[in-house]
Amino acid sequence: MKRTGKCPKCGSGDIIADAKAIDRGHGNAMRDLSVATFRKPEALLFKQKSETTVSAWVCAECGYLEFYADHPADIKLPAPSTGRG
Ligand SMILES: [Zn+2]
């Protein structure tokens, strides 16, 4: 949808690009919706969190939407190492 500029559901080309997904935190505070990965999810404190905001592509015709990470490389985890280390 981001690359084709077309809605995969209804075929419309009327796409609203790069809409910000809004998350509401404590006290109804607005912030950009984000996704995160953790390099050490088992750790109690220092999970080594990586995070990126997400943007939405919305079909103006049928309302279908897709989310895209703004910086997907930022949350990519290294390949699991072989052996113990
Ligand atoms: Zn559509």
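Before reading further, recall that the structure is shown in the block above.
Quick notes on the rules
Residues numbered from 1 in each chain as written. Predicted model: local features only at pLDDT ≥ 70, side-chain atom pairs only at ≥ 80, totals over all residues. Heavy atoms only, no water. Buried < 20%, exposed > 50% of the residue type's maximum accessible area, 1.4 Å probe, protein only. Helix = DSSP H or I, 4+ residues; strand = E, 2+ residues; numbered from the N terminus. Pairing = 2+ DSSP bridges.

(A) Geometry of the pairing of strand β5 (residues 49-59). β5 sits mainly inside the fold: 8 of its 11 residues count as buried. Pairing analysis gives 4 bridges linking strand β1 (residues 15-20) to β5, with the strands arranged antiparallel. Counterpart to Ala 19 in the pairing with β5 is Ala 56. In terms of strand pairing, strand β4 (residues 34-38) meets β5 through 5 bridges, oriented antiparallel. When the sheet's bridge partners are listed, Val 35 is paired in β5 with Thr 52. Sheet topology note: the β5/strand β6 (residues 65-69) ladder contains 5 bridges and is antiparallel. Bridge assignment links Ala 56 to a residue of β6, and that residue is Phe 67. Turn length for the β5-β6 hairpin, with the two strands adjacent in sequence and antiparallel, is 5 residues, and the turn residue Gly 63 shows positive phi of about 90°.

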